[in-house]
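Residues per chain are reported as follows:
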There are 2 protein chains.
Amino acid sequence: MGVASTEIPEGSRGVFVKNIYLACDPYMCHLMRPKRKSLFILSSIVPGTVIKGCGVAKVIKSAYPELKEGDYVWGIIGWEEFSLVLNPEMILHKIKIKDFPLSYYTGILGMPGLAAYAGFHEICCPKQGEVVYVSSAAGGVGHLVGQFAKLMGCYVVGSASTQQKVDLLKTKLGFDDAFNYKEGHDLGAQLKKHFPKGIDIYFDNVGGEMLDEVLLHMNIHGRVAVSGMISQYNLSKPQGIHNIFSLIENRVTMRGFVERDYVHMHPQYGEWAAQKLQEKKLIYLQDVAIGLENAASAFVGIYHGRNIGKQIIRVSDD
Amino acid sequence: MGVASTEIPEGSRGVFVKNIYLACDPYMCHLMRPKRKSLFILSSIVPGTVIKGCGVAKVIKSAYPELKEGDYVWGIIGWEEFSLVLNPEMILHKIKIKDFPLSYYTGILGMPGLAAYAGFHEICCPKQGEVVYVSSAAGGVGHLVGQFAKLMGCYVVGSASTQQKVDLLKTKLGFDDAFNYKEGHDLGAQLKKHFPKGIDIYFDNVGGEMLDEVLLHMNIHGRVAVSGMISQYNLSKPQGIHNIFSLIENRVTMRGFVERDYVHMHPQYGEWAAQKLQEKKLIYLQDVAIGLENAASAFVGIYHGRNIGKQIIRVSDD
């Protein structure tokens with residue numbers, strides 16, 4: 001592992017960076033399918049080329065006036081030790097607030113944080129007292145959504161794949177309730193038990209059977225934010241959703257979104273999140289794999305629910 | 001066929017009406033499933049009891065001060081010659097504008113008209129120049145949505161089940177394009193041909209395979225109004241929708257609705273529609289079966305696409 005060239009092409013505004021953290025984002029698997037539309041700025045992953053993803057890096061050389069040697073940045077970099085970024089104005093953001101671990105910019109202070117915030121506030125349009133369900137609730141986005149919902153005064157229930165995560169949600173992250181969706185064979189019964197009054201807002205990180213079953217438990221004028229479908233990315237054909245009629249019966253709005261449509265909100269969100277972190281009103285969880293050589297197994301792990309909080313890879317010291 | 005009692009119970013505010021027109025509304029089949037939530041004011045249809053549905057009637061006797069003998073009303077009546085309505089304030093509307101055939105109040109001037117209008121304007125949020133696709137476009141709601149979209153300056157394409165209907169959409173109703181979805185075996189290719197620039201708004205009256213395929217042709221920030229699922233009501237289990245990921249990829253909003261949430265808009269809508277009819281800027285199509293004895297076959301016919309425009313039943317002369 002290394003880098004093709006340390007030379008910034010003459011006349012370009014490129015920067016050469018040393019990579020420190022890389023994020024394992026669930027949608028990246030989806031980008032391995034051929035012929036997908038360009039999503040989240042990233043285009044499809046082509047075998048034999050360097051994988052691109054979100055990360056944190058340190059500027060080594062710069063031909064871009066807004067960044068100088070020694071600056072730290074977050075944004076799109078390669079899964080490699082060093083990256084040459086030719087369009088930094090498009091895909092790199094200078095890290096200005098230095099009160100937090102740099103790794104937070106692959107999570108709560110970066111793309112997943114804004115995805116959770118915009119997805120919850122702009123797509124779900126929450127009101128105080130509403131019942132919110134978050135799947136994959138101990139994941140990088142999920143554990144933030146649940147806490148944002150609590151800050152709004154909602155009743156928040158999360159699901160996860162192990163008892164350890166369930167306990168964490170209830171004891172450390174302030175969820176009102178949580179359950180292990182792998183326990184018991186009747187998802188409908190589990191939802192009925194944990195949502196006796198139905199669901200006003202479903203923040204969907206998993207898709208598939210869970211989404212299908214949840215539709216039957218939505219309240220009138222409920223909202224489903226379609227944030228991700230981690231259960232589906234590895235299937236050759238996604239599972240069918242049969243309960244779409246619930247959208248009519250319960251007048252439900254189901255809406256997909258990507259973080260890039262909300263980048264204009266980042267400065268405001270970043271300040272808000274930094275303040276809440278300082279006040280200890282938000283807790284951020286990350287799961288750090290050490291070394292680029294462990295990147296692949298960390299990445300595969302997120303599809304098996306092995307991570308608690310945001311899965312990242314530490315490529316080098318800062 | 002007759003009526004159980006002509007007597008209005010003492011102390012009630014009931015009315016006794018002679019039924020003139022009944023509407024064959026696609027969702028009624030859905031109400032035949034047991035244990036459905038109460039939809040559209042109507043509750044599940046129970047074998048052995050009188051079917052309730054939308055219709056037009058004449059008041060014969062009234063204990064409700066707002067209605068008197070000889071008034072015409074539209075609203076919820078029984079599939080029978082006479083109906084005793086005990087809660088007219090909830091479910092009957094007096095017909096005040098008498099410039100149109102009475103039957104129009106089972107369609108363009110009644111529930112389906114408002115469903116088309118509210119569904120298109122409130123759910124689809126159309127903008128001039130956008131590409132609109134309407135399925136079941138020669139049906140009671142569909143042929144109105146297409147015309148409403150043309151009045152908004154949209155590019156409108158409809159699909160239907162026969163060449164006759166396709167011709168009607170293009171020559172009489174002003175659709176920009178139309179196609180017979182039963183011709184050819186590749187729905188994807190048909191959609192690609194008729195929507196080379198993709199679909200901004202899909203007004204879905206059919207659900208199932210069509211909805212699934214359309215999701216792959218939606219433009220960024222597109223909207224899907226889930227109005228009905230006529231292809232699914234007779235299945236024991238609805239078909240699965242596999243392409244939900246398009247909601248994320250294209251940031252699509254998919255929203256179900258029922259007309260009853262928009263009844264407050266009816267007076268304003270009714271005036272608008274009446275004016276457009278008088279100016280001949282809207283054409284209303286209805287398919288009239290004569291006699292209660294033909295009600296069942298007319299009703300079954302809508303699931304086979306036998307109707308052109310709104311299928312209604314003429315029960316008696318006015």
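Provided above is the structure to which this section pertains.
Residues numbered from 1 in each chain as written. Chains lettered and ligands numbered in written order. Predicted model: local features only at pLDDT ≥ 70, side-chain atom pairs only at ≥ 80, totals over all residues. Heavy atoms only, no water.

**Quick notes on the overall build of chain A**
Within chain A, the regular secondary structure consists of 10 helices and 13 strands. Scaling as 2.2 N^0.38, a compact globule of 318 residues should have a C-alpha radius of gyration of about 20 Å, and chain A matches this with 20 Å. Oriented by its inertia axes, the alpha-carbon framework of chain A measures out at about 65 × 45 × 35 Å. Contacts spanning at least 24 positions in sequence make up 68% of the contacts within chain A whose residues lie at least 6 apart. Accessible area for chain A stands at about 13,400 Å²; split by element, carbon and sulfur atoms hold 52% of it. If you average the places of the 33 positive and of the 31 negative side-chain charges in chain A, the two averages end up 2 Å apart. (Helix = DSSP H or I, 4+ residues; strand = E, 2+ residues; numbered from the N terminus. Rg over C-alpha atoms; globule rule 2.2 N^0.38 Å. Contact = heavy atoms within 4.5 Å. Areas by Shrake-Rupley, 256 points an atom, 1.4 Å probe, with all protein chains shown as cover. Lys, Arg positive; Asp, Glu negative; His and termini not counted. Charge placed at Lys NZ, Arg CZ, Asp CG, Glu CD.)

**Notes on the pattern of salt bridges**
Considering all chains together, one arrives at 21 salt bridges over all chains under this definition. The salt bridge involving B:D261 is made with A:R251; its shortest N-O contact spans 2.8 Å. In this pair, B:D261 sits in the loop between β11 (253-256) and α9 (266-278) while A:R251 sits in the loop between α8 (245-249) and β11 (253-256), so the two residues belong to two different chains. One salt-bridge network, in which partners are shared between bridges, spans A:K68, A:D71 and A:K94. (Salt bridge = Lys/Arg side-chain N within 4 Å of Asp/Glu carboxyl O.)

**Some details on the relation of the copies chain B and chain A**
The transformation that overlays chain B on chain A combines an axial shift of 0.0 Å with a rotation of 180 degrees, and the residual RMSD is 0.0 Å. Within this description, the copies of the chain are treated as partners about a two-fold rotation axis. For chain B, the residue whose C-alpha comes nearest the rotation axis is B:G240, separated from it by 1.9 Å. Most of the interface of chain B is mirrored in chain A, where 100% of its interface residues are also at the interface. (Least-squares fit on C-alpha atoms with pLDDT ≥ 70 in both.)

**Structural notes on the interface of chain B and chain A**
Taken together, the 35 residues of chain B in the interface contact 35 residues of chain A. Summing both sides of the interface, chain B and chain A together bury roughly 3,000 Å²; the carbon and sulfur share of this comes to 60%. Where chain B packs against chain A, one counts 14 residue pairs in polar contact (both at pLDDT 80 or more). At the level of secondary structure, the elements contributing two or more residues to the side of chain B that touches chain A comprise β10 (218-226), α8 (245-249) and β11 of chain B. Of the residues that constitute the side of chain B that touches chain A, the class distribution is 17 nonpolar, 10 polar and 8 charged. When β11(A) meets β11(B), the two strands line up antiparallel, connected through 3 bridges. Among the inter-strand pairings, A:R255 is bridged to a residue of β11(B), identified as B:T253. (Buried area = accessible area lost by both parts, 1.4 Å probe. Polar contact = N/O pair within 3.5 Å; in protein donor to acceptor, adjacent residues only side chain to side chain. Nonpolar A, V, L, I, M, F, W, Y, C, P; charged D, E, K, R; others polar. Pairing = 2+ DSSP bridges.)

**Digging into the sheet that holds β11(B)**
Strand order in this open sheet of 12 strands is β8(A)-β7(A)-β6(A)-β9(A)-β10(A)-β11(A)-β11(B)-β10(B)-β9(B)-β6(B)-β7(B)-β8(B), and the pairing throughout is mixed. Edge positions in the open sheet fall to β8 (177-180) of chain A together with β8 (177-180) of chain B, since each of these has one partner strand only. Mean inter-strand twist for the sheet, computed between neighbouring axes without regard to direction, equals 15 degrees. The sheet contact formed by strand β7 (residues 155-160) of chain A and β8(A) spans 4 bridges and is parallel. Bridge pairing in β8(A) places A:S159 opposite A:F179. Against the sheet, helix α5 (residues 163-171) of chain A contacts β7 and β8 of chain A, and its axis sits at roughly 175 degrees relative to β8(A). On the sheet, helix α5 (residues 163-171) of chain B packs against β7 (155-160) and β8 of chain B and is oriented at approximately 175 degrees with respect to β8(B). (Axes fitted to C-alpha atoms, helices over the stretch in contact; angles between N-to-C directions.)

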